[in-house]
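Observations on chain architecture
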Amino acid sequence: MSEPTDPLKREYEEEYGGLDLIDKFVAIASEYTDAPDDFLVAAGYHLVSSLLGRFTVIAGTPNDKRPNPWFLLSSVPGLMRRSTVVNLAERVYRRALRRFYEETRPKKPGESEAEYRERIEKLIDDSIIEEGTVEGLTDHIEDAYGGEDRVKEFVIHSPEFGAVLSRMTERHYQAGVLSLLSKLKYGEGGVQYLSRRRGQKGRRYIPRGLFVTMLASMQELEYYLKPEHVRQGLMRRIIVVFQRPSQKKRYLPPLLEELERERAIKLLDLYAEELAEKMLQLNEIRWYYASVYEEPLVPIMFRHRVARKINAFAERHEELLKKADETYGKLDDIELYKQGYAEWLIELSAVRCLARCQPTRIACLLYTSDAADELDGVDLGGRRIIK
């Protein structure tokens, strides 16, 4: 392999080459922002999941589960840099996806360079969901999926998810939000039957088989979270990463040398290029599995030893929930929220596998890491996501 001639690329490979794709994002992004490491770790998982997970499926799970953990960053406003983290993740997402589309969606006959660039940018824009009404979001997904360049993978980048939770408490709106987000999480299709008054559409369709990931943020939980959000199931599907001001460990001055932040951005651009390259490799590999799954997807398979550990964790946690019910006569909201732990463990393990592997051979996606020995930490690598 030839040595890179670009000094920054050589530095990128020498300084960060030994890290997996999650830890690599954390290391580079921490040069740009003093956001808590937990937020950066969540963003790293999100990027690997949203860009590489779209080509994969977790073998041995009910309904062929996909590796798409949903993350919600929560903290006081400003100090913890929630929005900065989401914006950095979106920058990497856009750049990697742009490179992937440029390689896999060539120009159409008679299409000018400007028209081609506009089409690529529209594809990327269509894949990003922020906020809106249930009807508006469903229309957006339906239009993007049914367009000439069909979009089947989406990310939710909501800068203030608290507004979504607030709308869920409105009686006339609650079921629609819950139903839509749950279907998006699990790739379930469906039909929404709505009023035809004032000439509105009576039906809206959610296509089956969508792959949707989420990196959203909101202020402190107590201002928005209600017991019904947990009991209805939505919040049990979301990994909440909450950080208090006292947990902030690093400080970067707001006015860094211009070259320092410029360097970090260029390193993130190189990171996006690496993600795009792995997307292209997985996109090619997945066609080997076209006859195995409904869609061509690369299976992530856990070795028996690791699967036993995950299953034991799930069984042990269920016993703890049963014991809590026997002791107190009911499960409180926290205990109900913990029901999601086993599912998150599987999802995060699969994403960490993608972050570590080199998808140049099919066999590399066998999960061989012994990281599952660290089951006290659901992220299987740093004990940082779930406490």
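Residues numbered from 1 in each chain as written. Predicted model: local features only at pLDDT ≥ 70, side-chain atom pairs only at ≥ 80, totals over all residues. Heavy atoms only, no water.

A short note on the environment of Arg94
- Note on placement: Arg94 falls in helix α4 (residues 82-104).
- In this structure the C-alpha to C-alpha distance between Arg94 and Glu121, which are 27 residues apart in sequence, comes to 8.7 Å. (Helix = DSSP H or I, 4+ residues; strand = E, 2+ residues; numbered from the N terminus.)

What to know about helix α2 (residues 21-29)
- Most of α2 sits out of view: seven of its nine residues are buried.
- Three or more residues of α2 are buried, namely Leu21, Ile22, Lys24, Phe25, Val26, Ile28 and Ala29.
- Two or three places before Ile22, at the opening of α2, Asp20 has a side-chain oxygen 2.9 Å from that residue's backbone nitrogen. (Buried < 20%, exposed > 50% of the residue type's maximum accessible area, 1.4 Å probe, protein only. Polar contact = N/O pair within 3.5 Å; in protein donor to acceptor, adjacent residues only side chain to side chain.)

Digging into the pattern of salt bridges
- This model, assessed by the stated rule, comprises 31 salt bridges.
- Of the charged contacts, one joins Glu90 and Arg94 as a salt bridge, the two residues approaching to 3.2 Å between their closest N and O atoms. Of this pair, Glu90 and Arg94 both sit in helix α4, four residues apart, roughly one helical turn.
- The exposure class of Arg94 is partly exposed, given its relative accessible area of 21%.
- The closest approach of N and O atoms between Arg94 and Asp125, which form a salt bridge, is 2.8 Å. Of the two residues, Arg94 is situated in helix α4 and Asp125 in helix α5 (residues 113-126); the sequence distance between them amounts to 31 residues.
- Judged by relative accessible area, Asp125 falls into the partly exposed class, the value being 36%.
- Look at the salt bridges and you will find they share partners, linking Arg91, Arg95, Arg99, Glu103, Asp269, Glu273 and Glu277 into a network. (Salt bridge = Lys/Arg side-chain N within 4 Å of Asp/Glu carboxyl O.)

With respect to the sheet that holds strand β3 (residues 128-129)
- Read from one edge to the other, the open sheet built from five strands follows the order β3-β4-β7-β2-β8, with strand pairing classed as parallel. The open sheet is flanked by β3 and β8 (238-242), the only strands paired with a single partner.
- Bridge count for strand β2 (residues 70-74) against β8 is five bridges, and the pairing is parallel. The residue bridging Leu73 from the neighbouring strand is Val241, located in β8. (Pairing = 2+ DSSP bridges.)

What to know about the pairing of β2
- Taken across its five residues, β2 has five buried, putting it largely inside the fold.
- Both faces of β2 are covered, namely the face carrying Trp70, Leu72 and Ser74 and the face carrying Phe71 and Leu73.
- Pairing analysis gives five bridges linking β2 to strand β7 (residues 211-218), with the strands arranged parallel. Residue Phe71 lies in a different strand from β7, and its bridge partner there is Leu215.

Just geometry here; none of it tells us what the structure is for.
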